[in-house]
Amino acid sequence: MRLTAEFWVHAYLSRLRGMEIPAFVTAHGDDGSGAVLVKLNTLDGQAAAYQRSFDLMSGARKWDTLIEGAEPDVDAAIARQRGFDPDLWVIEVEDRSGRHLLDQPGLAD
């Protein structure tokens, strides 16, 4: 079953809250079909952005790093993506330890 973007975002934010990891919707995309980017801000001037993609060999969905490095560079890349896709959701996760939970079961669906 394919989940709507809005449902996935709310479920992801709930999972992060359960681990006491702050996260915020910084760009609200299309509720039904918008793609999702996750920005991980490690609060030290560094960040990374992750996007969902398909593994061509297995057909499974997975998270890939779009960009990582200085936070302004990551923000600029996200802004470019939003320029191409105004329906894009952006979630910002703030965690000094670098936790984003995207490697947990169920989050690539």
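Residues numbered from 1 in each chain as written. Predicted model: local features only at pLDDT ≥ 70, side-chain atom pairs only at ≥ 80, totals over all residues. Heavy atoms only, no water.

## With respect to the overall build of the protein chain
- Counting secondary structure elements, the protein chain contains 2 helices and 5 strands.
- Taken from the N to the C terminus, the helices and strands of the protein chain come in the order α-β-β-β-β-α-β.
- Relative to its length of 109 residues, the protein chain is compact, with a C-alpha radius of gyration of 13 Å against a globular reference of 13 Å.
- For the C-alpha atoms alone, the extent of the protein chain along its principal axes is close to 40 × 35 × 30 Å.
- When burial is assessed residue by residue, the protein chain has 38% of its 109 residues classed as buried.
- For the protein chain, the share of sequence-separated contacts (at least 6 apart) that also reach a separation of at least 24 residues comes to 68%. (Helix = DSSP H or I, 4+ residues; strand = E, 2+ residues; numbered from the N terminus. Rg over C-alpha atoms; globule rule 2.2 N^0.38 Å. Buried < 20%, exposed > 50% of the residue type's maximum accessible area, 1.4 Å probe, protein only. Contact = heavy atoms within 4.5 Å.)

## Some thoughts on the packing of aromatic side chains
- One pass over the full model with this rule turns up 2 aromatic pairs.
- Both rings, one in tryptophan 8 and one in tyrosine 12, keep their centres 4.9 Å apart while their planes meet at 20°; by these two values the pair is stacked. Of this pair, tryptophan 8 and tyrosine 12 are both found in helix H1 (residues 5–18), 4 residues apart, which corresponds to roughly one turn of the helix. The burial state of tryptophan 8 is the same as that of tyrosine 12; both residues are buried. (Phe/Tyr/Trp six-rings, centres within 6.5 Å; stacked < 30°, edge-to-face > 60°.)

## Description of the pattern of salt bridges
- Summed over all chains, the structure comprises 5 salt bridges.
- What emerges from the salt-bridge pattern is a single network uniting Lys39, Glu71, Asp75 and Glu92. (Salt bridge = Lys/Arg side-chain N within 4 Å of Asp/Glu carboxyl O.)

## Here's the deal with H1
- Compared with an ideal rise of 1.5 Å per residue, which puts 14 residues at 20 Å, H1 spans 20 Å between its outermost C-alpha atoms and is within 8% of the ideal.
- Listing the buried residues of H1 in full gives Ala5, Trp8, Val9, Tyr12, Leu13 and Leu16. End-on view of H1: buried residues confined to an arc of 130°, all on one side of the axis. Away from its buried face by more than 90 degrees, H1 exposes Phe7, Arg17 and Gly18. (Expected span 1.5 Å × (residues − 1). Arc of directions from axis to C-beta.)

## Focus on unusual backbone geometry
- Within the chain, glutamate 20 stands out as a residue other than glycine whose phi angle is a positive 60°.
- If you trace the backbone, glutamate 20 turns up in the loop between H1 and strand E1 (23–27).

## Some details on the environment of alanine 47
- Within the secondary structure, alanine 47 sits in strand E3 (residues 46–54).
- With relative accessibility at 7%, the residue alanine 47 sits in the buried group.
- For alanine 47 and glutamate 92, which are 45 residues apart along the polypeptide, the C-alpha to C-alpha distance reads 9.8 Å.

Distances and angles like these do not, on their own, reveal function.
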